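# Architecture at a glance
Spelled out, the chains give:
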Amino acid sequence: MQLSGNKVRKLEFLLAEAKAQGCDCVITIGGIQSNHCRATAVAARYLGLEPYVILRTEKKVVDKDPGLVGNLLVERLIGAKIELMTRQEYVAIGSVALGENLKARLEAQGRKPYLIPVGGSNALGSWGYLQAVAEIEAQLEAGIGPSSVDDIVLASGSGGTAAGMALGVHLSSLTAQLHSYGVCDSPQYFHDHITGLLRDMGYGDPVAGVIGKCLQAKGAAYGVSQPAELKVMQEVAHQTGVIMDPVYSGKALYRLLEDMKADPKAWEHRRVLFIHTGGMLGMYDKVDQLQPLVEGLGNVSRFPVGEILGSDEDDEERSCERIKGCTIS
């Protein structure tokens, strides 16, 4: 929950409604390493609600135990009810129908479920990022950080964060340009989807410029990390201590830096606020790709025990005898 970034902001509103409606369980849906599903499951447990998650995965493993990597470890520790499907089944049926199917099955058992869409991205959930804009505005006015920002950059996976930020910036005193880097689908899809969310939030027909720029950061595919992307994430972690998410923020940051390299004049002297949307646990799903990167840093070595204990066997034996009589604290 504490590592869930933008998901928590949405869940503050969504789960408040679930409690207000007297629901006893929560349903949501996402990919096998969904940060949103993990955050929803944990938040539901905090509030005494039973979590149900529908996760899409690869066909070759859909009938096997999903394991304990990354977000799955947390979901399974807290006892979330998990139902698996293939990506092909997900596309053929659609997330809305899948959620409604599970909801109907639970209602037939006498339960009262609350259904949260993919990413928590509906009109209600998006209000979490109007609140975020208000916080940014307050911090700038209080002199925390720069006096203003020229650009706000974020990753977009289901559109709710981008929609909330777009409307929030439009209604605020901020004059920043919004850049939403999509990690799945196309820029046109995100433009249309965000437009629909803004209408659902009561904005009407969004005028040109409110949504900002919808850009492509999908890379090889959704959730698939390329070596260059992971290299940037490793460098950021090494230089700043900030761990990026490989599915969302990491891809957006990589693409932003590439765009800056391609057109440095366009970004010259601009103050950029990058929104880290959380999801660090997804890194555990990339350990095989990350291993050579971190090994290459050469930061692991053998402690020079021989310098303390001596190198020949007799010295080592005597040293061990001395250590046996010591209390190590």
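Overview of the structure.

What counts and how
- Residues numbered from 1 in each chain as written.
- Predicted model: local features only at pLDDT ≥ 70, side-chain atom pairs only at ≥ 80, totals over all residues.
- Heavy atoms only, no water.
- Core = buried A, V, L, I, M, F, W, Y, C linked by side-chain atoms within 4.5 Å.
- Buried < 20%, exposed > 50% of the residue type's maximum accessible area, 1.4 Å probe, protein only.
- Helix = DSSP H or I, 4+ residues; strand = E, 2+ residues; numbered from the N terminus.
- Pairing = 2+ DSSP bridges.
- Right-handed = clockwise from strand over helix to strand, strands pointing away.
- 1 Å grid on protein atoms, 1.4 Å probe; cavity = no way out; pocket = protein on both sides within 12 Å on 5 of 7 lines; lining within 4 Å.
- Points joined across faces, edges and corners; volume = space filled by probe spheres on them.
- Nonpolar A, V, L, I, M, F, W, Y, C, P; charged D, E, K, R; others polar.
- Axes fitted to C-alpha atoms, helices over the stretch in contact; angles between N-to-C directions.
- Contact = heavy atoms within 4.5 Å.
- Patch = residues over 30% accessible without salt bridge, like charges linked within 9 Å, V, L, I, M, F, W, Y side chains within 5 Å.
- Areas by Shrake-Rupley, 256 points an atom, 1.4 Å probe, with all protein chains shown as cover.
- Salt bridge = Lys/Arg side-chain N within 4 Å of Asp/Glu carboxyl O.
- Parallel < 35°, antiparallel > 145°, perpendicular 65-115°, else oblique.
- Left-handed = near helix turned anticlockwise from the far one by under 90°.

Turning our eyes to something else, we now look at the nonpolar core. Judged by nonpolar contacts, the single largest core of 29 residues is most densely connected at Ile152, Met165, Leu174, Ile194, Leu198 and Ile275. For this core, the secondary-structure elements that each account for two or more residues are helix H6 (123-141), strand S5 (151-156), helix H7 (160-171) and helix H8 (187-200). Top element by residues in this core is H6. It accounts for seven residues. Judged by nonpolar contacts, the second largest core, of 20 residues, contains Val153, Val183, Val247 and Met283.

Right, let's get into the pairing of strand S3 (residues 81-86). Pairing geometry for strand S2 (residues 50-57) and S3, over six bridges, is parallel. When the sheet's bridge partners are listed, Arg56 is paired in S3 with Met85. Considered for its hand, the β-α-β crossover made up of S2, helix H3 (residues 71-77) and S3 is right-handed.

What follows concerns the layout of surface pockets. Looking at the largest pocket, its volume works out to about 830 Å³. At the level of secondary structure, the elements contributing two or more residues to the lining of the largest pocket comprise helix H1 (6-20), strand S1 (25-31), helix H2 (35-46), helix H4 (87-93), helix H5 (95-108), S5, H7 and H8. Per element, the largest residue contribution to the lining of the largest pocket is four residues, and it comes from H5. A per-class count over the lining of the largest pocket returns 14 nonpolar, 20 polar and six charged. Its volume calculated, the second largest pocket comes out at about 570 Å³. Ile32, Gln33, Glu58, Arg87 and Asp285 are the residues nearest the centre of the second largest pocket, which is lined by 25 residues in total. Here the lining of the second largest pocket is built from residues that sort into 11 nonpolar, seven polar and seven charged.

What follows is about the sheet that holds strand S7 (residues 213-216). Sheet architecture is open: four strands sit in the order S7-S6-S5-S8, paired in parallel fashion. One side of each edge strand has no neighbouring strand; the edge strands of this open sheet are S7 and strand S8 (272-274). Pairs of neighbouring strands in the sheet enclose a mean axial angle of 25 degrees, with direction left out of account. Bridge analysis of S5 against strand S6 (residues 177-182) gives six bridges, and the strand direction is parallel. By the bridge assignment, Leu154 is partnered in S6 with Ser180. In the packing of helix H10 (residues 249-262) onto the sheet, contacts are made with S5, S6, S7 and S8, and the angle to S8 comes to roughly 155 degrees.

Below, the discussion takes up a nonpolar patch on the surface. On the surface, Leu68, Leu73 and Leu77 cluster together to form a nonpolar patch covering roughly 310 Å² of accessible area. When you line up the elements, Leu68 lands in the loop between S2 and H3. Judged by relative accessible area, which is 52%, Leu68 ranks as exposed.

As a further point, take the packing of H1 against H6. The relative placement of two packed helices is expressed as an angle between their axes plus a distance between the axes. Packing of H1 against H6 leaves a shortest axis separation of 7 Å and a crossing angle of 125 degrees. With respect to each other, H1 and H6 are oriented oblique. Handedness of the crossing formed by H1 with H6: right-handed. Of H6, the residues touching H1 (which contributes Asn6, Arg9, Lys10, Glu12, Phe13, Leu14 and Glu17) are Leu124, Gly125, Trp127, Gly128, Tyr129, Gln131, Ala132 and Glu135. Its residues assigned to classes, the contact of H1 with H6 shows six nonpolar, four polar and five charged.

Let us now look at the pattern of salt bridges. Enumeration according to the criterion identifies 12 salt bridges in this entry. With a shortest N-O distance of 3.2 Å, Arg45 and Glu50 are connected by a salt bridge. Here Lys265 and Glu268 are joined by a salt bridge, their closest N and O atoms 3.3 Å apart. Judged by relative accessible area, which is 66%, Lys265 ranks as exposed. In this structure Glu268 comes out as partly exposed when scored by relative accessible area, which is 38%. Each member of the salt-bridge network shares a partner with another, and the members are Arg45, Glu50 and Lys81.

Okay, unusual backbone geometry next. The phi dihedral of Asp185 is positive, around 55 degrees, even though this residue is not glycine. As for its position among the elements, Asp185 is in the loop between S6 and H8. What makes Asp185 partly exposed here is its relative accessible area of 38%. Phi is positive for His269, which is not a glycine, with a value near 65 degrees. By the secondary structure assignment, His269 is in the loop between helix H11 (264-267) and S8.

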